[in-house]
Amino acid sequence: MNEMDVKVRRMMMRRPARFRRLDGALADLPVEHPMLLSELDGFLTGLLVLPDAVPSAEWMAVIWGPETDGVPAFEDPRDVQWFAAAVAARREEIARDLARGKLQPILDVDERNGEPLWEDWIVGFADAIALRPDAWAVLADDRERADSWSRIETLIEVAFEDSALDSVELDALHDRAVHDLIAAVHRLYGAPGGAASDAAGTAAAKIGRNDPCPCGSGKKHKRCCG
């Protein structure tokens, strides 16, 4: 087991209370298939690596769920404020980790064998890609990022059970999946001159009091979650 995998396993075992609370809040969303915490983490990471910036109201609508039409799904405004703030805090934390080259994805663990369930995380990352598929398509022609993008695509295909790999190749991929995932995301984020770094840096900036609230309510931040 390499050093990167050890760090990820330690994070999975020591999940802070704030993550457990956010996981519970996601499960309580009144939608048929709410995001898992690991999916949310992959989704937020994908947004930060995405070559094009996505308005907060648009990506928050994905988190709320398709049945909500983008409307915050909690009846109590205090729950909406806490949830939006918790999501924003995790997004900023991911942005700082990416900037330092130390991404620490939130991954669930298979209780049967202790293996990381990276597939949920990559499904969330794929949800971010789906918001701007054309922006990601250009990476295939980018020498700096083409190999990393290919690795991400392979992981997505495996997660959605749409891969042509045989059983031996799948076993080998699972053994290195977390390492490949982290390494590929770092390279996609940090390629010299890439738009992804600029977009992520902008996303991590503090929200202005007169900016639209990231919870998707349509109100100014100062009159909602601010």
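A.B. asks: Just to check I follow, could you spell out the overall build of the chain for this structure?
C.D. replies: Secondary structure summary: the chain contains ten helices and two strands in total. Written out in order from the N terminus, the α and β elements of the chain read α-α-α-α-α-β-β-α-α-α-α-α. For the chain, the residues scored as buried account for 46% of the 226 residues in total. Relative to all contacts within the chain whose residues are 6 or more apart in sequence, the contacts with residues 24 or more apart total 67%. When the accessible area of the chain is evaluated, it comes to approximately 11,900 Å², of which 49% is carbon and sulfur surface.

A.B. asks: So what exactly am I meant to see when it comes to helix 4 (residues 56–64) here?
C.D. replies: Because the α-helix completes a turn every 3.6 residues, residues three or four places apart line up on one side. Taken together, the buried positions of helix 4 are Ser56, Trp59, Met60, Ile63 and Trp64. Within helix 4, the buried residues cover an arc of 150° as seen down the axis, which keeps them to one side. At its buried positions, helix 4 is contacted by helix 2 (17–27), helix 3 (37–49), helix 5 (77–100) and helix 6 (118–131). Within two residues after helix 4, Gly65 carries a phi angle of roughly 110°, on the positive side.

A.B. asks: In this structure, what is going on with helix 3? I would like to understand it.
C.D. replies: Taking 1.5 Å per residue as the helical rise, helix 3 with its 13 residues ought to reach 18 Å, and the 19 Å between its terminal C-alpha atoms agrees with that figure. With 13 of 13 residues buried, helix 3 lies mostly within the body of the structure.

A.B. asks: Even after reading the chapter, I still don't get the side chain of Asp41, so can you show me in this structure?
C.D. replies: Here Asp41 is to be found in helix 3. For Asp41, a relative accessible area of 1% gives the class buried. Not counting chain neighbours up to four residues away, the residues in contact with Asp41 comprise Arg90, Ile94, Gln104, Pro105, Ile106 and Trp121.

A.B. asks: How do you make sense of the packing of aromatic side chains when you look at a structure like this?
C.D. replies: Two measures describe an aromatic ring pair: the distance that separates the ring centres and the angle between the ring planes. Overall, the coordinates contain four aromatic pairs when judged by the stated rule. Three or more aromatic residues joined by ring pairs form one cluster here, namely Trp121, Phe125, Trp136 and Trp149.

A.B. asks: What should I look at first to understand the pattern of salt bridges in this one?
C.D. replies: If charged atoms from side chains of opposite charge come close, those side chains can pair. Here the structure, examined in full by the defined rule, presents ten salt bridges. With a closest N to O distance of 2.7 Å, Arg112 and Asp110 form a salt bridge. Judged by relative accessible area, Arg112 falls into the exposed class, the value being 76%. Accessibility expressed as a relative area gives 11% for Asp110, which makes it buried. As a salt-bridge pair, Arg151 and Asp180 come within 3.4 Å of each other at their nearest N and O atoms.

A.B. asks: Whenever I open this one, the confidence of the model for the chain confuses me. Can you help?
C.D. replies: The predicted coordinates ought not to be read in detail in places where the model reports low pLDDT. Across the chain, the average pLDDT comes to 81, with 77% of residues at or above 70. Per-residue pLDDT stays below 50 along residues 4–12; that stretch engages in 22 contacts with residues further than four places along the chain or on separate chains. Predicted confidence is poor over residues 191–206, with pLDDT under 50, and the contacts of this stretch with residues over four places away or in other chains come to 26 contacts.

A.B. asks: So what exactly am I meant to see when it comes to the nonpolar core here?
C.D. replies: A general trend in soluble globular proteins is that nonpolar side chains are found buried together. Counting 58 residues, the largest nonpolar core has Trp59, Ile63, Phe83, Trp118 and Ile122 as its most contacted members. Secondary-structure elements contributing two or more residues to this core are helix 2, helix 3, helix 4, helix 5, helix 6, helix 8 (146–159) and helix 9 (167–190).

A.B. asks: In this structure, what is going on with the packing of helix 8 against helix 9? I would like to understand it.
C.D. replies: Axis angle and axis distance: for two packed helices, these are the angle between their axes and the distance between the axes, and together they describe the pair. Contact geometry of helix 8 with helix 9 gives a least axis separation of 9 Å together with a crossing angle of 135°. Judged by the angle between their axes, helix 8 and helix 9 are oblique. Crossing handedness for the pair helix 8 and helix 9: left-handed. Between helix 8 and helix 9, the residues in contact are Asp147, Ser148, Trp149, Arg151, Ile152, Thr154, Leu155 and Val158 and Leu170, Leu173, His174, Ala177, Asp180, Leu181, Ala184, Val185, Arg187 and Leu188, respectively. Taken together, the residues that form the contact of helix 8 with helix 9 break down as eleven nonpolar, three polar and four charged.

Reading guide: rules and limits
- Residues numbered from 1 in each chain as written.
- Predicted model: local features only at pLDDT ≥ 70, side-chain atom pairs only at ≥ 80, totals over all residues.
- Heavy atoms only, no water.
- Helix = DSSP H or I, 4+ residues; strand = E, 2+ residues; numbered from the N terminus.
- Buried < 20%, exposed > 50% of the residue type's maximum accessible area, 1.4 Å probe, protein only.
- Contact = heavy atoms within 4.5 Å.
- Areas by Shrake-Rupley, 256 points an atom, 1.4 Å probe, with all protein chains shown as cover.
- Arc of directions from axis to C-beta.
- Expected span 1.5 Å × (residues − 1).
- Phe/Tyr/Trp six-rings, centres within 6.5 Å; stacked < 30°, edge-to-face > 60°.
- Salt bridge = Lys/Arg side-chain N within 4 Å of Asp/Glu carboxyl O.
- pLDDT = per-residue confidence, 0-100.
- Core = buried A, V, L, I, M, F, W, Y, C linked by side-chain atoms within 4.5 Å.
- Axes fitted to C-alpha atoms, helices over the stretch in contact; angles between N-to-C directions.
- Parallel < 35°, antiparallel > 145°, perpendicular 65-115°, else oblique.
- Left-handed = near helix turned anticlockwise from the far one by under 90°.
- Nonpolar A, V, L, I, M, F, W, Y, C, P; charged D, E, K, R; others polar.

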